[in-house]
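# Coordinate analysis (summary)
Here's the letter readout for the chains.
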Amino acid sequence: MRNYYIAGNWKMHKTRAEAAALASALVTQLKDGKHQYLVAPSFTSLETVAPLVKGSNIRLGAQNMAAEEQGAHTGEISVLQLKDLGVQAVILGHSERRHTYHEDDALINKKVKLALQHGLEVILCVGELLSEREAGKAQEVCETQTVKGLAGVSAADLARVTIAYEPVWAIGTGKTATPEDADAIHAYIRQVVARLYGADKAQQILIQYGGSVKPDNAAQLMAKENIDGALVGGAALNPETFVPIANTCGGRSGGGVL
Ligand code: PGA
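My aim in this report is to walk through the structure given alongside it, one point at a time. Being a predicted model, the structure only gives us computed values, none of them experimental. (Residues numbered from 1 in each chain as written. Predicted model: local features only at pLDDT ≥ 70, side-chain atom pairs only at ≥ 80, totals over all residues. Heavy atoms only, no water.)

### Let's talk about the pattern of salt bridges
- Counted under the stated rule, the structure contains 14 salt bridges.
- A salt bridge links K110 to E68; the nearest nitrogen and oxygen atoms lie 2.7 Å apart. Placement of the pair is K110 in helix α5 (residues 105-117) and E68 in the loop between β3 (58-62) and α3 (79-84), with a sequence separation of 42 residues.
- Owing to a relative accessible area of 39%, K110 belongs among the partly exposed residues under this scheme.
- Residue E68 is classed as partly exposed on the basis of its relative accessible area, which comes to 30%.
- D181 is the salt-bridge partner of R133, the closest N and O atoms lying 4.0 Å from each other. One end of the pair, R133, is in helix α6 (residues 130-134); the other, D181, is in helix α9 (residues 179-197), with 48 residues separating them in the sequence.
- Classification of D181 by relative accessible area gives partly exposed; the value is 35%.
- Linked by salt bridges that have partners in common, R2, R190 and D228 make up one network. (Salt bridge = Lys/Arg side-chain N within 4 Å of Asp/Glu carboxyl O. Helix = DSSP H or I, 4+ residues; strand = E, 2+ residues; numbered from the N terminus. Buried < 20%, exposed > 50% of the residue type's maximum accessible area, 1.4 Å probe, protein only.)

Put into structure tokens, the structure is as follows:
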């Protein structure tokens, strides 16, 4: 049985003091939480949040990283710098990176491999635009992003990869995919992983749902067989909304490690 994994993507929000207050509240309020958790503050708050979540059940994540290890890349952040701060996981291929900053599958794949090579965990985001969904291409887009994102990733390294299905039209819009529609894509992604890595790995991989997850829709989403948690944006910005999502039990018992 897969465990739930709930991640908060704080995006470009919060000063260091605000990030510290949120992280401290989450550590306290989730200390008996049954699932696996992650927070991904802005780069500027990573050093502040790191000691606060250290030793807790909340992992420290970054929202992006460069595709190169180091060098002349003005404005970029390297995997070595993230590790130096105690970062354990990195979100890659978020739709805001894909669509606002024009990251393509090849670049994202390079980042995925670099992160894994350096021992980080990866949350690989995939998801279709509204126009792609309306054209009946949701599965195809998610398949391509999954296959290309994971190209060259070994079966052993796949154990450190979580996939997040985030339909772009649902992010920050208040529109959520229905639990049935989301589950259908999750099941499809799992089939793609089965084709690439075999049925056992496909059963083990965690697939989070993201896109306007709130306390009042998390349980229905996570009750679905193939939805293994959530990648939460807006509702991750305060404990009043993140903690109820983090405590959601869609039917599976918690415990265990990733
Ligand atoms: P949202 O963002 O929960 O605000 O829709 C999710 C995400 O972009 O990861």
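### Describing the site of the ligand
- The ligand sits among 13 residues. The nearest are K11, H94, E166, G172 and S212.
- Contacts to the ligand include G172, whose backbone N or O atom sits 2.6 Å from an oxygen atom.
- Between the ligand and the protein, one listed contact pairs an oxygen atom with a backbone N or O atom of S212 at 2.7 Å.
- Each residue belonging to the shell around the ligand can be placed in one class, and the counts come to four nonpolar, seven polar and two charged. (Near = heavy atom within 4 Å. Polar contact = N/O pair within 3.5 Å; in protein donor to acceptor, adjacent residues only side chain to side chain. Nonpolar A, V, L, I, M, F, W, Y, C, P; charged D, E, K, R; others polar.)

### As for helix α1 (residues 16-29)
- Compared with an ideal rise of 1.5 Å per residue, which puts 14 residues at 20 Å, α1 spans 20 Å between its outermost C-alpha atoms and is within 8% of the ideal.
- Every buried residue of α1 is accounted for by A19, A20, L22, A23, A25 and L26.
- Contacts made by the buried residues of α1 are with β2 (36-40), α2 (43-53), β3 and α12 (239-246). (Expected span 1.5 Å × (residues − 1). Contact = heavy atoms within 4.5 Å.)

### Focus on the environment of I58
- One can find I58 in strand β3.
- You can call I58 buried: its relative accessible area is 4%.
- Those residues within four positions of I58 in sequence are excluded, and the remaining contacts are L26, V27, L30, Y37, L38, V39 and V53.

### Side note on the pairing of strand β7 (residues 207-210)
- Neither face of β7 is exposed, since I207 and Y209 on one face and Q208 and G210 on the opposite face are all buried.
- Relative to β7, strand β6 (residues 161-165) is paired through three bridges, and the arrangement is parallel. For A164, the partnering residue across the bridge sits in β7 and is Q208.
- Pairing between β7 and strand β8 (residues 229-232): two bridges, direction parallel. In the sheet register, G210 faces β8, and the bridge partner there is L231. (Pairing = 2+ DSSP bridges.)

### Observations regarding the sheet that holds β7
- Here we have eight strands rolled up into a closed barrel, ordered β1-β2-β3-β4-β5-β6-β7-β8, and parallel in their pairing. Mean inter-strand twist for the sheet, computed between neighbouring axes without regard to direction, equals 25°. (Axes fitted to C-alpha atoms, helices over the stretch in contact; angles between N-to-C directions.)

### Topic: the state of the cysteines
- In total, this model carries zero disulfides according to the counting rule given.
- Here C125 stays free of any disulfide, with the sulfur of C142 as its closest cysteine sulfur at 11 Å.
- On the basis of relative accessible area, C125 is assigned to the buried category, the value being 1%. (Disulfide = S-S within 2.5 Å.)

### Focus: the side chain of T248
- Structurally, the position occupied by T248 is in the segment after α12.
- In terms of polar contacts, T248 uses its side chain to reach the backbone carbonyl oxygen of P244, at 2.9 Å.
- Not counting chain neighbours up to four residues away, the residues in contact with T248 comprise Y4, H35, A218, A219 and M222.

### Observations regarding the pairing of β6
- Most of β6 is tucked away, with five of its five residues classed as buried.
- Residues of β6 alternate between two faces, with V161, I163 and Y165 on one and T162 and A164 on the opposite face, all of them buried.
- Two elements, strand β5 (residues 121-126) and β6, share five bridges in a ladder whose sense is parallel. From the neighbouring strand, I123 faces β6, where its bridge partner is T162.

### Concerning the packing of α5 against helix α7 (residues 138-149)
- Orientation of α5 relative to α7, taken along the N-to-C sense of each, is 45°, at an axis distance of 8 Å. Between α5 and α7, the crossing angle belongs to the class labelled oblique. Residues D105, N109 and V112 of α5 form the contact with α7, whose own contacting residues are T144, Q145, K148 and G149.
- Looking at the contact of α5 with α7 residue by residue, the classes come out as one nonpolar, four polar and two charged. (Parallel < 35°, antiparallel > 145°, perpendicular 65-115°, else oblique.)

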